[in-house]
Amino acid sequence: MDDAELVGGVLDAACDPHHAAHQLADLLLAPLADPAAAAQAGLAPELVEVLRARLGDDPDRVNTACQQGAAWVLGRRSVAAQEPWDLVASLPAGTDLPPGLSRTTGETMVQLVVEATTTLRLATPFIDRPGMSFLCEPLAAATARGVRLEILLPTRSSHANDALNDLENAIIRHGAIDHLQMSRFRTDAPWAHLKVLTADSSVAYIGSANITRAGLAGTNLELGVLVRGSSVQAVERILDIYRESGTSTS
């Protein structure tokens, strides 16, 4: 996930992304964190801190990322949502998205996490540390602002433990660990091959990408959809069925 996409997620709600980008750059380059100033600017203080940790204090990197983030927001707003769903893809690095595709998998997932206000639910058979690194800090920030995060994991997810340890440590440092729930499938449960991320029971990514470097960083070819509206509640019910019939909660 590049800097512009992450900054764009923080600026996405701003009425004037360019003005907000200048304010964000000033906050990121200030010697000390200023949550009150961030809130006054309409920026989530916990997300500003995530960016401070990621971008460091290099003025060129910070200013470039903020400018590009504003452009990212305006570019997304220029794409009118004609349907209750959008195509989402992971393509090899340097490949232009073909006509009809305006979203990559990684940016879509980060956007869902950044915009969530109440709940996030993630189900995927495979997670690794590089893949989780795209989502760790945004997920931690989400829990800090009160979002409840549930992760449903099959028992055969071989590389998940290290990745989930990274997530738990990020939430301990920057979030609220009591808002994290892990639901692990029993060995006799159906093999849950679905890859789903839902936010607030109103929007969901459904596709082929696991939370792995290959799935999110463009070495695999992945295709999915971003779904909005009442149909997401059916997705939630499917996740409930799996959790109630096949998991043990920790």
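Keep in mind that this is a model prediction, so the values were computed, not measured.

Conventions and cut-offs
Residues numbered from 1 in each chain as written. Predicted model: local features only at pLDDT ≥ 70, side-chain atom pairs only at ≥ 80, totals over all residues. Heavy atoms only, no water. Helix = DSSP H or I, 4+ residues; strand = E, 2+ residues; numbered from the N terminus. Rg over C-alpha atoms; globule rule 2.2 N^0.38 Å. Buried < 20%, exposed > 50% of the residue type's maximum accessible area, 1.4 Å probe, protein only. Contact = heavy atoms within 4.5 Å. 1 Å grid on protein atoms, 1.4 Å probe; cavity = no way out; pocket = protein on both sides within 12 Å on 5 of 7 lines; lining within 4 Å. Points joined across faces, edges and corners; volume = space filled by probe spheres on them. Core = buried A, V, L, I, M, F, W, Y, C linked by side-chain atoms within 4.5 Å.

Sorry if this is basic, but what is going on with the overall build of the chain here?
Scanning the chain from N- to C-terminus turns up 11 helices and 9 strands. Radius of gyration (C-alpha) of the chain: 18 Å, near the 18 Å computed for a compact globule of 250 residues. Seen through its principal axes, the chain has C-alpha atoms that stretch 55 × 40 × 35 Å. A buried classification covers 47% of the 250 residues belonging to the chain. Counting contacts in the chain only where the partners sit at least 6 residues apart, residues at least 24 apart contribute 76% of the total.

What is the right way to read the environment of alanine 37 from this model?
One can find alanine 37 in helix α3 (residues 35-40). Remark: the alpha-carbon pair of alanine 37 and threonine 219, spanning 182 residues in sequence, is separated by 40 Å.

Just checking my understanding: could you explain unusual backbone geometry for this structure?
One can expect most non-glycine residues to show negative phi and most peptide bonds to be in trans. Residue aspartate 200 is not a glycine yet carries a positive backbone phi of 55 degrees. Relative to the elements of secondary structure, aspartate 200 occurs in the loop between β6 (195-199) and β7 (203-207). Despite not being glycine, serine 201 has its phi angle at roughly 55 degrees, a positive value. For serine 201, the position within the fold is in the loop between β6 and β7.

When you look at empty space enclosed by the protein in this model, what are you seeing that I'm missing?
Overall, the coordinates contain 3 cavities of 30 Å³ or more when judged by the stated rule. Its volume calculated, the largest cavity comes out at about 70 Å³. Lining the largest cavity are Leu6, Val10, Leu47, Val50, Leu51, Val110, Val114 and Pro138. Of all elements in the fold, only α1 (3-11), α4 (45-55) and α6 (105-115) reach the threshold of two or more residues within the lining of the largest cavity. Counting residues per element, the lining of the largest cavity draws most heavily on α4, at 3 residues.

Help me understand the nonpolar core in this model?
The nonpolar side chains of a soluble globular protein tend to be buried with one another. Ranked by internal contacts, the top residues of the largest apolar core, which has 62 residues, are Leu120 and Met132. Once residues within four sequence positions are removed from consideration, methionine 132 is found in contact with Ile127, Leu139, Ala163, Leu164, Leu167 and Ile211.

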